[in-house]
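Notes for the structure review
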Amino acid sequence: MLLSICSGLGALVFLIKIADWKSLLTIYKALSWSMLLVALFCYGTTWIFRVGRFRLFLESGGQDISAPGIFAVLISGFGLNAFLPGKAGEVATIIFLRWKGIAGSTALAAVIQARILDLLALLTLMSTAGLPTALQLSAAPYSRAVLAGAGLLTIAPMLFMALDRRQNLERFIEKMYRKPLLSATAKTLHKFLVAYRRICLNGRLLAATGLFSLFIWTGEGMVAWFITKAAAVPASLSVCLLAVSLGNLGKAIPLTPGGVGVYEAIMAAVLHGTGLDWGSAVAVALADHLLKKTCSIGIGLPLAVHLVGDRGWSWLTWKEEKT
């Protein structure tokens, strides 16, 4: 964890150094606060769709919690992801949902399907919005064939479920029930498969949550675009969509907590590759990630502490148990 944090901070220092911190300060001093507020409002709107998408997943399994409850759980996971490596915030999200009375199998299926739809939305935006602009402005080796291959890998779990109409996988898992060492694991896995099959093979649910996912990531790209407006940086919405999409795909590999350093480096490289100078590219990338992380950490961590506190757990109690 320490190595992961140091790597992220090292990447940030390197970016600031090559961009010249004095140039960054000059850009930040001239920021338009009204446009930053628009960017913040746009980011807040994406959470409406995140909550709505997750609620649809839970309702498909006959379970539900209030919209504020879902928001608290989701943003708590985001806040913890900003500090913990290996996407541990996703595990926390599932645990918090269990505490809210949601079955673990449904919670896991919902989290996995949300991530699959996120990847599909990012790939879609890259191929329809960002990629054409990148091909015109840069010699970077982007390819629709590569995106199509990545998309095929992303939908592989759903495709497998669709082809396995006789539920052979579940039947195979059921055969392990009689084996003492595998019985408990097999039953848990079977429950997850049932829950995931119910979510991913529901056509109306897939269409609605897929559309919500596109709204979410279009909104995330618009946040970066409004930040370029605030900094008076000449960048189109399609370029911002591409930069945000590639930055988030880079964060999928949990090299640093919350993708700190990785996200900014990729986003700045894309912006620079499409015509921006390094100083402006780094300034936009840092401001974009800082705005989003400030919201997820500032709101998510207190809510995570509250959720844990509702379970009767506290640092003092844990310390007394240890001693």
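Placed above this text is the structure.
Residues numbered from 1 in each chain as written. Predicted model: local features only at pLDDT ≥ 70, side-chain atom pairs only at ≥ 80, totals over all residues. Heavy atoms only, no water.

1. Considerations on the layout of surface pockets
Considered as a void within the structure, the largest pocket measures approximately 670 Å³ in volume. Lining of the largest pocket is provided by 28 residues; of these, Leu286, His289, Leu290, Leu291 and Thr294 occupy positions nearest its centre. Among the elements of the structure, helix H1 (2–19), helix H3 (33–60) and helix H14 (278–310) are those that each provide at least two residues to the lining of the largest pocket. Ranked by the residues each element gives to the lining of the largest pocket, the list is headed by H14, at nine residues. In the lining of the largest pocket, the residues fall into 21 nonpolar, five polar and two charged. (1 Å grid on protein atoms, 1.4 Å probe; cavity = no way out; pocket = protein on both sides within 12 Å on 5 of 7 lines; lining within 4 Å. Points joined across faces, edges and corners; volume = space filled by probe spheres on them. Helix = DSSP H or I, 4+ residues; strand = E, 2+ residues; numbered from the N terminus. Nonpolar A, V, L, I, M, F, W, Y, C, P; charged D, E, K, R; others polar.)

2. Regarding a nonpolar patch on the surface
A grouping of Ile16, Trp21 and Leu25 is seen on the molecular surface, where their side chains present a nonpolar patch of about 280 Å² in accessible area. As for its placement among the helices and strands, Ile16 is situated in helix H1. (Patch = residues over 30% accessible without salt bridge, like charges linked within 9 Å, V, L, I, M, F, W, Y side chains within 5 Å. Areas by Shrake-Rupley, 256 points an atom, 1.4 Å probe, with all protein chains shown as cover. Salt bridge = Lys/Arg side-chain N within 4 Å of Asp/Glu carboxyl O.)

3. Re unusual backbone geometry
At Gln167, a residue that is not glycine, the phi angle is positive and equals roughly 60 degrees. One can find Gln167 in the loop between helix H8 (156–163) and helix H9 (168–174).

4. What about the environment of Leu286?
Within the secondary structure layout, Leu286 lies in helix H14. With a relative accessible area of 15%, Leu286 lands in the buried category. Excluding anything up to four places from it in sequence, Leu286 contacts Leu12, Ile16, Leu24, Tyr28 and Glu264. (Buried < 20%, exposed > 50% of the residue type's maximum accessible area, 1.4 Å probe, protein only. Contact = heavy atoms within 4.5 Å.)

On their own, these measurements won't tell you what the molecule is for.
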